[in-house]
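Single-letter residue listing:
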Amino acid sequence: MELFKYKKPIPLMAKSKIFFTISIIAVLASYVLIFTKGFNLGIDFAGGTVVQVKYEGQAPIDKVREAIRSSEIFEGASVNYFGSDDEIVIKVRTSSKRLGTDIGDEARKLLQSTGKFEVRRVDMVGPKVGNELREKGIMALLLAIAGILIYVSFRFEWRFAIASVVALVHDISIAMGAIVLFNIEVNLDILAALLTILGYSLNDTIIVFDRIREGLVSVRSSKLADVIDESVTRTLSRTTLTSLTTFFVVLTLFLMGGEIIHGFSFTLLVGIIVGTYSSIFIASPLLMAMNFNVENYRKKLAEKKRREEEKARLRAMYEQGTV
């Protein structure tokens, strides 16, 4: 912990315009990628069929591609290695042809001349189911953000709520941009990763906001920038250690977890980095951008405390029979 202790507040808010500029560029670049290149939708959302095949030795991927080329069921299919050179995955974007056919049996017949293998997995999702999953996934993200907005509004006040939601949208936007940039296949695992990013980023932001709320009372300065600098500096050691610990755990999953969770762990890596950054350099400066007034907040707290003391005094007088 000594490595991350700071004796003096770090003047982070003095550089807030630089951070905002970097974030705006990153978010705009993400949406340009999303609307121009588009997402690489997986079977879960686009509909189709996935056949995972494991060979005893190295998979003869060229022979597999040649073998499935003659089949109507696997028309337009893509064949790629899956984690190692002895395992492949065959993906077809549509599953509307010959729905009554056993895809696993068809794959075994087509590939029987390519060597010894085992069909390990066959997944099929219809286009209608894929559309429903996509709509429900988007709805889940929107409902999560709406719930967060309501929660933070009650716990703090509306300016804190707006700042936290803007930071969350910032994190999700950049994460989606990275998914498009690196052509990560979007499936239910990626949706789960995005929802996890929402929770992780919100947790960081709430901790910073809690300390800022305490600083509004304890810090002598009436300047919001000074209050934020001191409050964020106090949480920096905790934020740094927590983020590094989580980052290295997810990095281990990314490097050693295999192809199955590659997209999930990659999305989380991006989310951890961006979420930690936004809780310090985006959410907090937004309070300044929305003209949050320290003096008015302190007056509200003083008035609230006065009313509570008055209620307590009247209650005591009533209980003693003097009212």
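In the block above lies the structure referred to throughout.
Residues numbered from 1 in each chain as written. Predicted model: local features only at pLDDT ≥ 70, side-chain atom pairs only at ≥ 80, totals over all residues. Heavy atoms only, no water.

Colleague: Looking at this structure, how should I read the nonpolar core?
Modeller: Note on soluble globular proteins: their nonpolar side chains tend to be buried together. By size, the foremost hydrophobic cluster in this structure holds 61 residues, and its most contacted members are Val152, Phe160, Leu194, Phe209, Ile212, Leu216 and Leu287. Listed by contribution, the elements that provide at least two residues to this core are helix H1 (16-36), helix H5 (127-155), helix H6 (158-181), helix H7 (188-218), helix H8 (224-256), helix H9 (262-281), helix H10 (283-289) and helix H11 (294-320). Excluding its chain neighbours within four sequence positions, the residues that come into contact with Phe160 are Val152, Phe209, Ile212, Leu216, Leu287 and Phe292. Within the second largest apolar cluster, 19 residues are counted, among which are Ile61, Leu110, Leu111 and Val119. (Core = buried A, V, L, I, M, F, W, Y, C linked by side-chain atoms within 4.5 Å. Buried < 20%, exposed > 50% of the residue type's maximum accessible area, 1.4 Å probe, protein only. Helix = DSSP H or I, 4+ residues; strand = E, 2+ residues; numbered from the N terminus. Contact = heavy atoms within 4.5 Å.)

Colleague: Help me understand unusual backbone geometry in this model?
Modeller: Excluding glycine, a negative phi dihedral is what most residues carry, and trans is how most peptide bonds are arranged. Of note in this structure, Asn183 is not a glycine but carries a positive phi near 55 degrees. When you line up the elements, Asn183 lands in the loop between H6 and strand E6 (185-186). The exposure class of Asn183 is partly exposed, given its relative accessible area of 46%.

Colleague: Can you help me understand helix H3 (residues 61-68) in this one?
Modeller: Residues spaced three or four apart along an α-helix point in a common direction, a consequence of the helix completing one turn every 3.6 residues. What H3 keeps buried is the set Ile61, Val64, Ala67 and Ile68. Buried positions in H3, seen along its axis, are confined to an arc of 120 degrees and lie on one side of it. Among the exposed residues of H3, those pointing more than 90 degrees away from its buried face are Asp62, Lys63 and Glu66. The inward-facing, buried residues of H3 abut strand E2 (48-55), strand E3 (78-82), strand E4 (84-92) and helix H4 (103-111). (Arc of directions from axis to C-beta.)

Colleague: For this particular structure, what's the right way to read the packing of aromatic side chains?
Modeller: Each pair of aromatic rings is reported with the distance of its centres and the angle of its planes. Throughout the structure, instances matching the rule amount to nine aromatic pairs. Note on Phe19 and Tyr277: the rings are 6.4 Å apart at their centroids and 85 degrees apart in plane angle, and the pair reads as edge-to-face. Of this pair, Phe19 sits in helix H1 while Tyr277 sits in helix H9, placing them 258 residues apart in sequence. Relative to Phe35, the ring of Tyr31 lies with its centre 6.2 Å away and its plane at 25 degrees, an arrangement referred to as stacked. Taken together, the positions of Tyr31 and Phe35, both in helix H1 and four residues apart, correspond to about one turn of that helix. We classify Phe35 as exposed; its relative accessible area is 69%. Here the aromatic residues Phe19, Tyr277 and Phe281 are joined through ring pairs into a cluster of three or more. (Phe/Tyr/Trp six-rings, centres within 6.5 Å; stacked < 30°, edge-to-face > 60°.)

Colleague: Before we go on, may I ask you to explain a nonpolar patch on the surface in this structure?
Modeller: Judged by side-chain polarity, Leu149, Trp158, Ile162 and Val166 come together as a nonpolar surface patch covering roughly 340 Å² of accessible area. The partly exposed category is assigned to Val166, whose relative accessible area is 38%. (Patch = residues over 30% accessible without salt bridge, like charges linked within 9 Å, V, L, I, M, F, W, Y side chains within 5 Å. Areas by Shrake-Rupley, 256 points an atom, 1.4 Å probe, with all protein chains shown as cover. Salt bridge = Lys/Arg side-chain N within 4 Å of Asp/Glu carboxyl O.)

Colleague: How should I be thinking about the side chain of Thr114 in this particular structure?
Modeller: Tracing the backbone shows Thr114 in the loop between H4 and strand E5 (117-125). Residue classification places Thr114 among the buried positions, given a relative accessible area of 9%. Within the local environment of Thr114, its side chain forms a polar contact with the side chain of Tyr55, the two groups lying 2.6 Å apart. For Thr114, the side chain forms a polar contact with the main-chain oxygen of Leu111, separated by 2.5 Å. Those residues in contact with Thr114, other than ones at most four positions away along the chain, are Tyr55, Pro60, Lys63, Val64 and Ala67. (Polar contact = N/O pair within 3.5 Å; in protein donor to acceptor, adjacent residues only side chain to side chain.)

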